[in-house]
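# Descriptive analysis of the structure
The chain contents come next:
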Amino acid sequence: MHPIDKSCAAAVVLVTMMIISGCIEQPSKSDKLLVVATIQPLGEFVRAVGGDRVDVTVLLPPGAEPHTFEPTPAQMKRVESADLYVKNGAGLELWLDRFSSEGLKVVDASEGVELIYLNGTPDPHIWLSPRSAEIQVENICRALIEVDPEGREFYENNRDAYIKEVRGLDEYLRSRLASAEGRIFVVDHPAWSYLARDYGLVQVAIEEGEREPGPRRIGYIVKTVKDNDIKAILVEPEFNPKMAEVIASEAGCQIVEIDPLAGDYINNMRAAGDLIAESIGV
C-alpha cells in the first residue's frame, strides 16, 4: 500500500474510534419543539410560555397584510414539519386549508374568546384586547403541554408570569383610557373593536365593509372628526394611507401610525393605548 493510502486509512480508523468513544459529538436533531405561529403577537405568546423549550417561526413578515397573505412554498414546508401550529382563528387565516400534515397539532388561539361580529363575520383581531390575549396564552400553554407533557410545570410557571404582565397591561390601559369612556376614535381599518369594547370607547373606521369609502362615507368621517375635536386619524402600516390623508387634510387633523401586528406585545399595546388617548385629546 502506498504510504499516503496507509495514512488515510489510519485517519479514518482514528476518527471512527473517536466517534464511537464519544470524543466527537455527532450531529443530533434539536430537542426543542418546532412551533409555527401566524402573526408576531402569537409568536411572542409562544416564546413567553415555551421559553427555551421551543423554536418559534412566525409566518407573517413585517408590513404584510394578514387577510391577503400568501405563504411561500418554503413556509408551507416549515408548517408541515412543525410539532405545533398556532393560529389566531376567528377567520384570520383563510389560507390555512392549504396546509396538510397528519402529525401536525393545530391550536386555535381564539377558542373561548367572546367574539365580536362585524357585518356578520367575526372580527379576528382578538389579541388587541389584553383580556382576550390572556385566553390565547392559556390556549397556547395547554397545547404545549399536550405536545410536551414533561414540560408542564415549566410552561405553567411561564404562563403565570406572562399573564401577570398582561394583566398589568390591562390595568394600565383601563387607567389611561378611563377619561375617554364613550369617546370616538377614528382608524383606517376596524382592527380595534375588542379594545374599544373593553375600555368603553367607540371605534369609527374609514374603511367601509373592507372597501374604499365612497363620497358619503368620507363626508361622514370628516364631520365626525370635526364634531368630536379628534386630533389624529390612526392608520396601520399594512394599509395605504391615501384616503386617511385626504380626510385628515379636509378635517384639519393629523395622521398617526399605529401597528396592531408589531412585536413586543406589552409595550406596543401600551403605546397603542397612548396613541388612541392622544388622538381624542385625553
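Scroll up for the structure.
A brief look at the structure comes next. Because the structure is predicted, anything quoted here is derived from the model rather than measured.

Counting secondary structure elements, the protein contains 9 helices and 10 strands. Burial analysis of the protein (282 residues in total) assigns 48% to the buried set. When contacts within the protein are restricted to residue pairs at least 6 apart in sequence, those whose partners lie at least 24 apart make up 58%. Here the protein has roughly 14,500 Å² of accessible surface; of this, 51% comes from carbon and sulfur atoms.

What follows covers empty space enclosed by the protein. Any empty space left between atoms is shown by rolling a water-sized probe over those atoms. Throughout the structure, instances matching the rule amount to 1 cavity of 30 Å³ or more. Put simply, the largest cavity is a space of about 50 Å³. What lines the largest cavity is simply Glu65, Pro66, His67, His125, Trp127, His189, Glu236, Glu238, Phe239, Pro260 and Leu261. Per-class residue counts for the lining of the largest cavity are 5 nonpolar, 3 polar and 3 charged.

To continue, consider the layout of surface pockets. The computed volume of the largest pocket comes to approximately 770 Å³. Of all elements in the fold, only β6 (121–122), β8 (202–205) and α8 (242–251) reach the threshold of two or more residues within the lining of the largest pocket. Each residue belonging to the lining of the largest pocket can be placed in one class, and the counts come to 14 nonpolar, 10 polar and 8 charged.

Right, let's talk about the packing of helix α4 (residues 130–147) against helix α5 (residues 152–176) for a bit. Across the interface, α4 lies against α5 with an axial gap of 9 Å and an inter-helix angle of 175°. Taken together, α4 and α5 sit at an angle that is classed as roughly antiparallel. Two secondary-structure elements touch here, α4 through Pro130, Arg131, Glu134, Val137, Glu138, Cys141, Leu144 and Ile145 and α5 through Arg152, Tyr155, Glu156, Arg159, Tyr162, Ile163, Val166, Arg167, Leu169, Asp170, Leu173 and Arg174. Class assignment for the residues of the contact of α4 with α5 results in 11 nonpolar, no polar and 9 charged.

Reading the values: rules and limits
- Residues numbered from 1 in each chain as written.
- Predicted model: local features only at pLDDT ≥ 70, side-chain atom pairs only at ≥ 80, totals over all residues.
- Heavy atoms only, no water.
- Helix = DSSP H or I, 4+ residues; strand = E, 2+ residues; numbered from the N terminus.
- Buried < 20%, exposed > 50% of the residue type's maximum accessible area, 1.4 Å probe, protein only.
- Contact = heavy atoms within 4.5 Å.
- Areas by Shrake-Rupley, 256 points an atom, 1.4 Å probe, with all protein chains shown as cover.
- 1 Å grid on protein atoms, 1.4 Å probe; cavity = no way out; pocket = protein on both sides within 12 Å on 5 of 7 lines; lining within 4 Å.
- Points joined across faces, edges and corners; volume = space filled by probe spheres on them.
- Nonpolar A, V, L, I, M, F, W, Y, C, P; charged D, E, K, R; others polar.
- Axes fitted to C-alpha atoms, helices over the stretch in contact; angles between N-to-C directions.
- Parallel < 35°, antiparallel > 145°, perpendicular 65-115°, else oblique.

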